[in-house]
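A look at the structure
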Amino acid sequence: FEVMAIDRRSGKVVWQRTATTAVPHEGYHRMYGSFASNSPATDGQRVYAFFGSRGLYCYDMDGKPMWQKDFGVQMRMKLSFGEGAAIVLHDGRFLAVFDHEGDSFVAMLDAATGTEIWQTPRTEASSWSSPLVIEHGGTRQVVVTASTKVEAYDFTSGKLVWEVGGSAPTRSRNPCSMAMWCM
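As the structure is a computational prediction, the values presented were derived from the model and not from experiment. (Residues numbered from 1 in each chain as written. Predicted model: local features only at pLDDT ≥ 70, side-chain atom pairs only at ≥ 80, totals over all residues. Heavy atoms only, no water.)

**Examining the overall build of the protein chain**
If you tally the helices and strands in the protein chain, you get zero helices and 14 strands. Along the chain direction, N to C, the helices and strands of the protein chain fall in the order β-β-β-β-β-β-β-β-β-β-β-β-β-β. Residue burial in the protein chain is summarised as follows: out of 183 residues, 39% are buried. Counted over contacts in the protein chain with a minimum sequence separation of 6, partners at least 24 positions apart contribute 41%. Accessible surface, the protein chain as shown: approximately 10600 Å² in total, 51% of it carbon and sulfur. (Helix = DSSP H or I, 4+ residues; strand = E, 2+ residues; numbered from the N terminus. Buried < 20%, exposed > 50% of the residue type's maximum accessible area, 1.4 Å probe, protein only. Contact = heavy atoms within 4.5 Å. Areas by Shrake-Rupley, 256 points an atom, 1.4 Å probe, with all protein chains shown as cover.)

**Some points on the sheet that holds strand S6 (residues 65-69)**
Hydrogen bonds along the backbone pair up the strands of a sheet, which may run parallel or antiparallel. Taken together, four strands build an open sheet; the order of strands is S3-S4-S5-S6 and the sheet is antiparallel. Of all the strands in the sheet, just strand S3 (41-42) and S6 have a single pairing partner and so form its edges. By the bridge criterion, two bridges tie S3 to strand S4 (residues 46-50) in an arrangement that is antiparallel. If you follow Ala41 over to S4, its bridge partner there is Tyr48. (Pairing = 2+ DSSP bridges.)

**Some words on the packing of aromatic side chains**
Per the counting criterion, the structure on display carries four aromatic pairs. Consider the rings of Phe50 and Phe94, whose centres lie 6.2 Å apart with planes at 65°: the pair is edge-to-face. Residue Phe50 is found in strand S4, and its partner Phe94 is found in strand S8 (residues 93-98); the two are separated by 44 residues along the sequence. Neither residue differs from the other here; Phe50 and Phe94 are each classed as buried. Among the aromatic side chains, those forming a connected cluster through ring pairs are Tyr48, Phe50, Trp67 and Phe94. (Phe/Tyr/Trp six-rings, centres within 6.5 Å; stacked < 30°, edge-to-face > 60°.)

**Overview of the nonpolar core**
If you look at the biggest cluster of nonpolar residues, it comprises 16 residues, and the most contacted ones within it are Tyr48, Phe50, Leu56, Phe71, Phe94, Phe98 and Leu109. Those elements that place two or more of their residues in this core are S4, strand S5 (56-60), S8 and strand S9 (104-110). When near neighbours in sequence (up to four residues on either side) are disregarded, Phe94 contacts Phe50, Leu56, Ile87, Val88, Leu89, Ala107, Met108, Leu109 and Ala111. Counting eleven residues, the second-largest nonpolar core is a separate cluster that includes Leu95, Val142, Val144 and Phe155. (Core = buried A, V, L, I, M, F, W, Y, C linked by side-chain atoms within 4.5 Å.)

**Some words on the confidence of the model for the protein chain**
Taken as a whole, the protein chain shows an average pLDDT of 79; of its residues, 73% reach a score of 70 or greater. At the low end of the mean pLDDT range in the protein chain sits S8, at 86; at the high end sits strand S2 (residues 13-18), at 96. Note that pLDDT drops below 50 for residues 170-183; the model gives that stretch 14 contacts with residues more than four away or on any other chain. (pLDDT = per-residue confidence, 0-100.)

**Focus: the pattern of salt bridges**
Overall, the coordinates contain seven salt bridges when judged by the stated rule. Taking the shortest distance from any N to any O, the salt bridge between Asp43 and Arg46 comes out at 3.1 Å. Looking at Arg46, the relative accessible area reads 15%, which means it is buried. Between Asp91 and Arg140 there is a salt bridge, with the nearest N and O atoms lying 2.7 Å from each other. Residue Asp91 is found in the loop between strand S7 (88-90) and S8, and its partner Arg140 is found in strand S12 (residues 139-145); the two are separated by 49 residues along the sequence. Accessibility expressed as a relative area gives 55% for Asp91, which makes it exposed. For Arg140, a relative accessible area of 27% gives the class partly exposed. Several salt bridges converge on common partners, so that one network encompasses Arg122, Lys149, Glu151 and Glu163. (Salt bridge = Lys/Arg side-chain N within 4 Å of Asp/Glu carboxyl O.)

In structure tokens:
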């Protein structure tokens, strides 16, 4: 599992680091993904590489390892579609969703240190949704979609704020059969 910095003008590799060496425990969907489906993120000071079951790795902008976090989970994804959910950085915090065919959860870490701030269990199966941070009524929330519902968590505590069902596909051919998307 490699992390690379590439100069966007020349295309040359500036640095390359091996985050971890491991044999992937599941496949990936050959049409829609690869073992490299996860997207890195940066806050301009650090680079974060998220490899799902293999953890989160933080480097400074010169490629020096800063910290790493093993979440202690070996994800099992439906139909071997891979672990390609994107990560989100917001206000010095890192958010990751672990929706899979096991014990799912959403977690928040301090982006500078990797210290876990909260982890909230979810009842969702495989999902590749990225969290979205919004503000409503002066309070920040982390909104996460999944296969059967949308849930929002308090940004500070991770407690469930609200949820709405109905995002699962139906047999109807009516595009507005999912009321939450057709309001």
